[in-house]
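Analysis of the macromolecular model
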Amino acid sequence: MSVLVYAENTDGKFKKPVYEVVSYAKAIADSLNTSLAAVSIGDVDEADLAALGSYGASTVLHVTSEQLRQFVNQAYASVIAAAADKLSADVVVISNSFSGKGLAPRVAAKLNAGLADGAVELPQVDGGKLTVKKTAFSGKAFAITELTSAKKVITLNPNAFELRETGGSAQVEAFQPTVAQGDLATVIEDIVRTTDKVTLPDAEIVVSAGRGLKGPENWHIVEELAEALGAALACSKPVSDAGWRPHSEHVGQTGIAVSPNLYIAIGISGAIQHLAGVSSSKTIVVINKDPEAPFFKVADYGIVGDAFEVVPKLTAAIKARKG
Ligand code: FAD
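Conventions we followed
Residues numbered from 1 in each chain as written. Predicted model: local features only at pLDDT ≥ 70, side-chain atom pairs only at ≥ 80, totals over all residues. Heavy atoms only, no water. Phe/Tyr/Trp six-rings, centres within 6.5 Å; stacked < 30°, edge-to-face > 60°. Lys NZ or Arg CZ within 6 Å of the ring centre and 35° of its normal. Pairing = 2+ DSSP bridges. Helix = DSSP H or I, 4+ residues; strand = E, 2+ residues; numbered from the N terminus. Axes fitted to C-alpha atoms, helices over the stretch in contact; angles between N-to-C directions. Contact = heavy atoms within 4.5 Å. Salt bridge = Lys/Arg side-chain N within 4 Å of Asp/Glu carboxyl O. Buried < 20%, exposed > 50% of the residue type's maximum accessible area, 1.4 Å probe, protein only. UniProt positions renumbered as here; feature names shortened; annotations may be inferred. Polar contact = N/O pair within 3.5 Å; in protein donor to acceptor, adjacent residues only side chain to side chain. Parallel < 35°, antiparallel > 145°, perpendicular 65-115°, else oblique. Left-handed = near helix turned anticlockwise from the far one by under 90°. Near = heavy atom within 4 Å. Nonpolar A, V, L, I, M, F, W, Y, C, P; charged D, E, K, R; others polar. Arc of directions from axis to C-beta.

A separate point is the packing of aromatic side chains. Geometrically, a pair of aromatic rings is defined through the distance of the ring centres and the angle of the planes. A complete count under the given rule lists six aromatic pairs for this structure. Feature note: the residues Phe 14, Tyr 19 and Tyr 55 constitute an aromatic cluster, connected by ring pairs. The residue whose ring lies beneath Lys 133 is Phe 142, and the NZ or CZ to ring-centre distance is 4.4 Å.

The structure is reproduced here in structure tokens:
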């Protein structure tokens, strides 16, 4: 029995959600009195793989193959399931990232495992049962899910668990499972990036604005604040519907779900459909001229004021602090 974590890389590098998921999986392994192993697919430096040990992984299975150079859900899920079989892992933990959302149900189906997606805290362990608190209904509620099957798959929301450095270095082993031809039926020929800025799902800080900004010509105040903070830009649905901003920035129930460390909402009323995609952000700051705006009910910090006065002052203050 052991716990396995999938360490997803982006262009050969691990990002913060990987260390979070390793820390989280290590805490589960500790409560089950077992060890933690990781599986990594693709070209990643050996030193970076071994560094997963500093968050608690004792072994890293490293899979490199020409066939797996591009991310293909079915093939990657087969590899993760094969790694779980090899290590007799009972619990597999995956980040609830874009790719994790596609991988986890496939891995669970292959292992005949129960799945809890979008965990927000450590599970309670009771014998062979894990009770997992997770987001439900696009983040509008929490569900308490009991995983009673022998094998279990859990995905962890980004920013839901703090990094825990344990020290140490993982042993890296090459692993070459056979991938069935059927799992390689999708071939990704090329990936064309549409932006070199911080992407929304990866962003630790998101600056988001709504109809209170009055029109696209005023977005420079939002962009300047985002730039000062190194944040990604987001917007409410009517803003992208009106063509003021691209649809790729639309967050909420029908847009992208984000869970950054800091979400700054400017001139957004806080409709339930908007909150559905942002309410698991760690800290929410709301700037709105209407003190009755519903967004203030979920805000950690609220500024009642005119965005056109408040935002430039905030940007200037942040720039001044940075020197
Ligand atoms: P408004 O509701 O018009 O609010 C503008 C806010 O700006 C107000 O609170 C106002 O007080 C404030 N304001 C005005 N001027 C200023 C100023 N100068 N300074 C500061 N504040 C100011 N919406 C989403 O965002 N995401 C979704 O995914 C989504 N999905 C939906 C799905 C369905 C099925 C439906 C029916 C709706 C959905 N919506 C979604 C729409 C949602 O219900 C709201 O209509 C929308 O979020 C409102 O956008 P808003 O807050 O930008 O605009």
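Now that the structure has been shown, we can carry on.
In this section: the sheet that holds strand β11 (residues 205–209). Spatial ordering of the open sheet is given by β12-β11-β13-β14-β15, a layout of five strands whose pairing is parallel. Strands at the two margins of the open sheet, each flanked by one partner only, are β12 (232–235) and β15 (301–304). The sheet shows a mean angle of 15° between the axes of neighbouring strands, taken without regard to direction. Bridge count between β11 and strand β13 (residues 262–266): five bridges; the pairing is parallel. Of the residues in β13, the one forming a bridge with Val 207 is Ile 264. Helix α5 (residues 220–229) rests against β11, β12 and β13 of the sheet, and its axis sits at about 175° to β11.

Here we take up the pattern of salt bridges. Scanning the model with the defined rule gives 11 salt bridges in all. Salt-bridge contacts for Glu 162 lead to Lys 282; the nearest nitrogen and oxygen are separated by 3.9 Å. One end of the pair, Glu 162, is in the loop between β9 (152–156) and β10 (171–174); the other, Lys 282, is in the loop between α7 (272–275) and β14 (283–288), and 120 residues separate them in sequence. Judged by its relative accessible area of 58%, Glu 162 is exposed. Measuring nitrogen to oxygen at the nearest pair gives 2.9 Å for the salt bridge that ties Lys 237 to Asp 241.

Taking the numbering used here, the UniProt-annotated feature "binding site: FAD" (unreviewed entry) corresponds to Arg 211, Gly 267, Ile 268, Ser 269, Gly 270, Ala 271, Ile 272, Gln 273, His 274 and Asn 288. Inspection of the secondary structure assignment puts Gly 267 in the loop between β13 and α7. Other than its neighbours up to four places away in sequence, Gly 267 contacts Gly 210, Arg 211, Gly 212, Ile 287 and Asn 288. On the basis of relative accessibility, which here comes to 6%, the residue His 274 falls in the buried class. Setting aside residues up to four positions removed in sequence, His 274 forms contacts with Ser 208, Cys 235, Ser 236, Val 251, Gly 252, Tyr 263, Ile 268 and Phe 295. Within the structure, His 274 has its side chain in polar contact with the side chain of Tyr 263 (distance 2.8 Å).

Viewed as axis vectors pointing N to C, α5 and helix α8 (residues 307–322) meet at an angle of 25°, and their least axial separation amounts to 9 Å. Classified by the angle their axes make, α5 and α8 are roughly parallel. The way α5 lies across α8 gives a crossing that is left-handed. When α5 is examined against α8, the residues Ile 221, Glu 224, Leu 225, Glu 227, Ala 228 and Leu 229 are found in contact with a partner set consisting of Ala 307, Phe 308, Val 311, Pro 312, Leu 314, Thr 315, Ile 318, Lys 319 and Lys 322.

We now examine the site of the ligand. The immediate surroundings of the ligand are formed by 26 residues, with Ser 236, Thr 254, Ser 269, His 274 and Asn 288 found nearest. Within the backbone of Gly 212, one N or O atom sits 3.5 Å away from a nitrogen atom of the ligand. The separation between an oxygen atom of the ligand and a polar side-chain atom of Ser 236 is 2.6 Å. Contributing elements (two or more residues each) for the shell around the ligand: α6 (237–241), α7 and α8. Of the residues assigned to the shell around the ligand, the class counts are six nonpolar, 14 polar and six charged.

Here the focus is α5. Buried residues of α5: Ile 221, Val 222, Leu 225, Ala 226 and Ala 228, and no others. The arc enclosing the buried residues of α5, seen along the axis, measures out at 160°, which places them on a common side. Considering only its buried residues, α5 is in contact with β11, β12, β13 and α8. Gly 230 lies just past α5 and shows a positive phi near 65°.

Tracing the chain through its elements places Asn 159 in the loop between β9 and β10. You can call Asn 159 buried: its relative accessible area is 10%. Reaching out from Asn 159, the side chain makes a polar contact with the side chain of Lys 16 at a distance of 3.0 Å. When residues no more than four places from it in sequence are discounted, the contact partners of Asn 159 are Lys 16, Glu 20, Ser 259, Pro 260, Asn 261 and Lys 282.

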